[in-house]
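An overview of the molecular structure
Given next are the chains, with one letter for each unit.
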Amino acid sequence: MNKRIIVGVILLALIGLIVYTLMYPVDMAALDGYESRFYSTPIALIPPIIAIVLALITKEVYSSLFLGIVSGALLYSNFNLELALNTMFFNEDGGMLYKIADTFNAGILVFLVMLGILVALMNRAGGSAAFGVWASKRIKTRIGAQVATVVLGMLIFVDDYFNCLTVGSVMRPVTDSHKVSRAKLAYIIDATAAPVCIIAPISSWAAAVTSSVPEDANINGFQAFIKTIPYNYYALLTIVMMFFIIFRRLDYGSMKKHELNAYKGDLFTTGSAGDGINQETKISDKGIVLDLILPVAVLIVACILGMVYTGGFFDGVDFVTAFADADASVGLVFGGIIAVIFTFFYYMLRAVIDFSEFMECVSEGFKAMVPPILILTFAWTLSGMTNLLGAKFWVAAKVAKSAASMQSLLPAVIFLVALGLAFSTGTSWGTFGILIPIVLGVFPNGEMMYISISACLAGAVCGDHCSPISDTTIMASAGAECNHINHVSTQLPYALTCAGVSCVTYIAAGFIQNAAICLAVGVVLMITTLFILENIVGREPVDSDVETVKE
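So, here is what we can say about the structure in this document. (Residues numbered from 1 in each chain as written. Predicted model: local features only at pLDDT ≥ 70, side-chain atom pairs only at ≥ 80, totals over all residues. Heavy atoms only, no water.)

1. Some words on the layout of surface pockets
- Of the volumes computed, that of the largest pocket is approximately 700 Å³.
- Lining the largest pocket are 37 residues, and of these Asn105, Trp380, Thr427, Trp429 and Gly430 sit closest to its centre.
- Sort the elements by how many residues they give to the lining of the largest pocket and helix H23 (residues 428-442) lands first, with 5 residues.
- For the lining of the largest pocket, a count of residues per class yields 14 nonpolar, 14 polar and 9 charged. (1 Å grid on protein atoms, 1.4 Å probe; cavity = no way out; pocket = protein on both sides within 12 Å on 5 of 7 lines; lining within 4 Å. Points joined across faces, edges and corners; volume = space filled by probe spheres on them. Helix = DSSP H or I, 4+ residues; strand = E, 2+ residues; numbered from the N terminus. Nonpolar A, V, L, I, M, F, W, Y, C, P; charged D, E, K, R; others polar.)

Here it is in structure tokens:
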């Protein structure tokens, strides 16, 4: 379609909205109890669908998210332009300014900046380059580089944000040296973030699940979380899938293009490190491996201590309870600040950078994190618009209505509903809070309760894994320094493959109700599916004798 026609249509629509607003003004001072005519209807899901579809089609994430926000605000305001603008920016429950001002969200943004500064410091001091040289001498193959990334990701299970950015910072030099595409690195980071955190008892995700169990429930939230782990098929099968595709050199969908291009030295296929994350900087020739290892180790320890501090550990609360009650946002900010201060004094004493270079790294680190900060801000606002439209209540009502008629199939249904809800809203934790109370209302006790809660957790993680507006997906792109839409489009076929196998496994679990047998069924189905895919698409070459393929 001609660009002038598109601009003309948009202009006419804008004029129409202005005329409509003038004809039917809204009393902005009398909005208490206001409700959109689209509240808690299927139309409430349109804004995230618009954003997601546009992002996948246009491969441009900022405008796609913004148009999703605009559509949500217009629906909420019943197409009154004045109210839509006020809703987008100033609504206390979903507006952009209030989302940024939210203490949890603001803490995550500060932590992002701290991580950006730390990465800039490690790069400037030569620690990242030294680690890359050291690791390349010991990790000899592409498979080894990918396995090392998986192992590191599984070891950093405390928090998914922390996992994404730390693993990316440490392993980028290694995977780059072995010609692993940034899209593949982003997938491995994302697949060892939320899927690992959701089966780790000591993690911010365990705390989120525990807090989602109503206080009047007849179960302990943390004990329930522990019992859901063997039934969390999406998380467990994602780990199985990762090792299979790494060792069998199996890639399919658009990921195959990225990997074939990486063999020839093109790690990005589309986009580059110049997307706002990686900047040309002077690198010290005095850097040693310890210049990367020590700051990262301090960061890990400081973040853990910061999280248990917020949970009252130093006031006498036991470690597990303190972690369950922790404020992850505040704890990560504490950890990030401590790590940056430590790194400053350590590098100054080592004389690998001077004070002026440190201050340059502060601005470089902030600039590096502008793209993920912008995407996160838009994603949070879009989620706010969706919540204002009551999409989650419409979904919850449909689940509650169908629960009584399909008891044995309910785990699979819950998995799919949680997947769709998390995909549309970009939040796993919000999905937990909506669906877990419904599950407990249907199954207040017994094995089916744990299976169904686990299905909710697994579906939420899967939807989070697939969604381009998920904060964890955004963080994985930032950690890998990968174009965000490249990451989403390459990861989606993998996540959906695992989701299909997980759904079938939950159908079996609803009838068998045995964790070990059902997990074995899921693993066999997963491996069989991957062998079938391998026979269809073939394996990647061992050497680099391939032609570059552009999207």
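Continuing now.
2. Points about the nonpolar core
- Tyr187, Ile198, Met241, Ile245, Phe415 and Ile436 are the most contacted members of the largest nonpolar core, which has 163 residues in total.
- In terms of residue count, helix H6 (residues 103-125) provides more of this core than any other element does, 14 residues in total.
- Not counting residues within four places of it along the chain, the set of residues in contact with Ile245 comprises Lys184, Tyr187, Leu250, Tyr494 and Leu530. (Core = buried A, V, L, I, M, F, W, Y, C linked by side-chain atoms within 4.5 Å. Buried < 20%, exposed > 50% of the residue type's maximum accessible area, 1.4 Å probe, protein only. Contact = heavy atoms within 4.5 Å.)

3. Some details on the side chain of Thr87
- Residue position: Thr87 is located in helix H4 (residues 81-90).
- Of note is the side chain of Thr87, whose polar atom sits 2.7 Å from the backbone oxygen of Leu83.
- For Thr87, the contacting residues outside a window of four places in its chain are Tyr76, Gly94, Gly95, Met385 and Leu388. (Polar contact = N/O pair within 3.5 Å; in protein donor to acceptor, adjacent residues only side chain to side chain.)

4. Regarding unusual backbone geometry
- Located in the positive-phi region is Ser40, a residue other than glycine, with phi close to 55 degrees.
- Tracing the backbone through its elements, the reader meets Ser40 in the loop between helix H1 (3-23) and helix H2 (46-58).
- A relative accessible area of 26% places Ser40 in the partly exposed class.

5. Overview of the state of the cysteines
- Inspection of the entire model under this criterion finds 0 disulfides.
- Residue Cys197 stays outside any disulfide, its sulfur separated by 8.2 Å from that of Cys164, the closest cysteine.
- Summary of cysteine pairing: Cys466 is not part of a disulfide, and the nearest cysteine sulfur, belonging to Cys462, is at 4.2 Å.
- Judged by its relative accessible area of 4%, Cys466 is buried. (Disulfide = S-S within 2.5 Å.)

6. Details of the environment of Glu60
- Inspection of the secondary structure assignment puts Glu60 in the loop between H2 and helix H3 (61-76).
- It is 8.8 Å that separates the C-alpha atoms of Glu60 and His484, two residues lying 424 residues apart in sequence.
- For Glu60, the contacting residues outside a window of four places in its chain are Ala55 and Ile485.

7. Here we look at the pattern of salt bridges
- Tallied over the full model, the rule gives 11 salt bridges.
- In this structure, Asp176 engages Arg182 in a salt bridge whose closest nitrogen and oxygen atoms are separated by 2.7 Å.
- Owing to a relative accessible area of 23%, Asp176 belongs among the partly exposed residues under this scheme.
- Glu534 is paired through a salt bridge with Arg248; the nearest N and O atoms lie 2.6 Å apart. (Salt bridge = Lys/Arg side-chain N within 4 Å of Asp/Glu carboxyl O.)

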